[in-house]
Amino acid sequence: MDFKTGINNQTHKAYIDFAAQYGIEYVILDEGWAVNLKADMLEVIPEIDLPELVAYAGSRKVGIILWAGYYAFDRNMEEVVKHYARMGIKGFKIDFMDRDDQQMMQFLYRAAETCATHKMLVDFHGVCKPTGLLRTYPNVLNYEGVNGLEQMKWASPGLDQVTYEVQIPFIRMVAGPMDYT
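Residues numbered from 1 in each chain as written. Predicted model: local features only at pLDDT ≥ 70, side-chain atom pairs only at ≥ 80, totals over all residues. Heavy atoms only, no water.

*Asks:* Before we move on, can you summarise unusual backbone geometry with the specific residues and values?
*Replies:* For residues besides glycine, phi is generally negative; the peptide bonds are generally trans as well. Of note in this structure, K61 is not a glycine but carries a positive phi near 60°. For K119, which is not glycine, the phi torsion reads 55° and is therefore positive.

*Asks:* So what about the sheet that holds strand β2 (residues 63-69)? Which residues, and what values?
*Replies:* Pairing in this open sheet of 5 strands is parallel, and the strands run β1-β2-β3-β4-β5 from one edge to the other. Each edge of the open sheet is held by one strand with a lone partner, namely β1 (26-29) and β5 (140-143). On average, adjacent strands in this sheet sit at an angle of 20° to one another, irrespective of strand direction. Sheet topology note: the strand β4 (residues 121-124)/β5 ladder contains 3 bridges and is parallel. The partner of D123 across the bridge, within β5, is N142. (Pairing = 2+ DSSP bridges. Helix = DSSP H or I, 4+ residues; strand = E, 2+ residues; numbered from the N terminus. Axes fitted to C-alpha atoms, helices over the stretch in contact; angles between N-to-C directions.)

*Asks:* Please set out the pattern of salt bridges residue by residue, giving values where relevant.
*Replies:* All told, the structure shown has 5 salt bridges when counted by the stated rule. A salt bridge links R99 to D101; the shortest N-O distance between them is 2.7 Å. (Salt bridge = Lys/Arg side-chain N within 4 Å of Asp/Glu carboxyl O.)

*Asks:* Describe the packing of helix α4 (residues 77-87) against helix α5 (residues 102-117), listing the residues and the values that go with them.
*Replies:* The N-to-C vectors of α4 and α5 enclose an angle of 30°; their axes lie 10 Å apart at closest approach. Taken together, the axis directions place α4 and α5 in an arrangement best described as roughly parallel. Note on packing geometry: the crossing formed by α4 with α5 is right-handed. Contact residues: α4 offers M77, E78 and V81, while α5 offers F107, R110, A111, T114 and C115. (Parallel < 35°, antiparallel > 145°, perpendicular 65-115°, else oblique. Left-handed = near helix turned anticlockwise from the far one by under 90°. Contact = heavy atoms within 4.5 Å.)

*Asks:* Quick one: what's the story with helix α1 (residues 9-21), residue by residue and with numbers?
*Replies:* For α1, which comprises 13 residues, the first-to-last C-alpha distance of 18 Å matches the rise-based estimate of 18 Å (1.5 Å per residue) to within 8%. Within α1 the residues assigned to the buried category are N9, T11, H12, I16 and A19. Angular distribution of buried residues about the axis of α1 spans 160°; they occupy a single face of the element. Buried residues along α1 sit against β1, α2 (50-59) and β2. Following α1 by one or two positions, G23 has its phi on the positive side, about 70°. (Expected span 1.5 Å × (residues − 1). Buried < 20%, exposed > 50% of the residue type's maximum accessible area, 1.4 Å probe, protein only. Arc of directions from axis to C-beta.)

*Asks:* I'd like a rundown of the nonpolar core, residues and numbers included.
*Replies:* The biggest cluster of nonpolar side chains holds 46 residues, and the ones touching the most others in it are W33, F73, F92, I94, F107 and F124. Ranked by the residues each element gives to this core, the list is headed by α5, at 7 residues. Apart from the residues lying within four places of it in its own chain, the contact partners of F107 are Y70, F73, D74, M77, I94 and M97. (Core = buried A, V, L, I, M, F, W, Y, C linked by side-chain atoms within 4.5 Å.)

*Asks:* Hey, could you go over the packing of α1 against α2 for me, with residue numbers and the actual values?
*Replies:* For any two helices packed against each other, the geometry comes down to the angle between their axes and how far apart the axes lie. The interhelical angle for the contact between α1 and α2, taken along N-to-C directions, is 20°, at an axis separation of 10 Å. In this view, α1 runs roughly parallel relative to α2, as classed from their interaxial angle. Relative to α2, the crossing made by α1 is right-handed. For the pair α1 and α2, the contacting residues are N9, H12, K13, I16 and D17 in the first and E52, L53, Y56 and A57 in the second. Split into classes, the residues belonging to the contact of α1 with α2 amount to 4 nonpolar, 2 polar and 3 charged. (Nonpolar A, V, L, I, M, F, W, Y, C, P; charged D, E, K, R; others polar.)

In structure tokens form, the structure reads like this:
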């Protein structure tokens, strides 16, 4: 690259160009595009110009999805979704739900409905297995609900990842589509 890579517009434009070249519909701006430790999704880091990226991606027929931590997304969900929908963002990858109690299930429904109202997609990452929500809200693309490769960072040395990789599509995907990192 002829620029400093990282969480910046130049790097994301390179990803967008790659996606456009290979017919990939969306690019996710993963963790780091919003100001760290603020839990405010309306505060974007200075290295990212979202309207510019949305226009650039749109000119190449690629959509932008934003990664969102659950807590920050839930704090002012309606305002965040409305703001980014108006900007042309296509959806959210929401992370760190990590439980399946009643409060979290209610959050999943609210997030799916709020995004559907604004014609945005949702990728639930860091979440339990699906339980039928995507039948009510088809804008929910998938749930992670699986022990993905990112878990290898802290897995025990005895973990048989190869066997797991072969078995998981036949076990987990019975419940629905999965987001596998």
